[in-house]
Amino acid sequence: MTSQSISIGFNAIGASATVNKLKSFCEKNKLDDETSFQVCVVAAEAINNIIQHSPKSANDGFIKITFNLDKSGLDLCMVYWSPEFEPPAKATLPDKESLSGRGWPIIQEYMDKISYKHHFGMNTLTLHKQLSIQSAA
């Protein structure tokens, strides 16, 4: 298993840094361009949702993000302190003129498995992407 972790603050700079590190992680592990694009978009959407929907009191905290790659695929695991949030079972795209509400539909479209746990204020969001033979080459 190949793994890398990063801890970021609740801000756009941290989200951008994570996407850059994830892109490098994908390149280093020779994932194909489409898979790399999808997981980077998903990471940005998930981090932005965490930042946007967490209460201001949580914004002084951090998000620990771990990328794990093994033969079953790529996991993005995000751990952060915030009130409980239940991800939608099946998100739908908003009205075409809406500027928000696209994060969860994109995450669900690009990832193969989503799991979420909340325990005493700590949230763990794990997003799994199965890899094709070409992706893992």
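Worth saying up front: this structure is predicted, and the values here are computed from it rather than measured.

## Focus: the environment of Ile-107
Relative to the helices and strands, Ile-107 is located in helix α3 (residues 103-110). We classify Ile-107 as buried; its relative accessible area is 0%. For the pair formed by Ile-107 and Ala-91, sequence separation is 16 residues and the distance between their alpha carbons is 9.3 Å.

## Things to note about the layout of surface pockets
Quantified by volume, the largest pocket comes out at close to 400 Å³. If you trace the largest pocket, you find 26 residues lining it, with Asn-49, Ile-50, His-53, Phe-85 and Trp-104 closest to the centre. Among the secondary structure elements, those contributing two or more residues to the lining of the largest pocket are α2 (33-53), α3 and β5 (122-129). In the lining of the largest pocket, the residues fall into 13 nonpolar, 11 polar and 2 charged.

## Remarks on the pairing of strand β2 (residues 62-70)
Bridging between strand β1 (residues 2-9) and β2 involves 8 bridges; their strand directions are antiparallel. Following the sheet pairing, Ile-6 is matched in β2 by Ile-65.

The rules behind the values
- Residues numbered from 1 in each chain as written.
- Predicted model: local features only at pLDDT ≥ 70, side-chain atom pairs only at ≥ 80, totals over all residues.
- Heavy atoms only, no water.
- Helix = DSSP H or I, 4+ residues; strand = E, 2+ residues; numbered from the N terminus.
- Buried < 20%, exposed > 50% of the residue type's maximum accessible area, 1.4 Å probe, protein only.
- 1 Å grid on protein atoms, 1.4 Å probe; cavity = no way out; pocket = protein on both sides within 12 Å on 5 of 7 lines; lining within 4 Å.
- Points joined across faces, edges and corners; volume = space filled by probe spheres on them.
- Nonpolar A, V, L, I, M, F, W, Y, C, P; charged D, E, K, R; others polar.
- Pairing = 2+ DSSP bridges.

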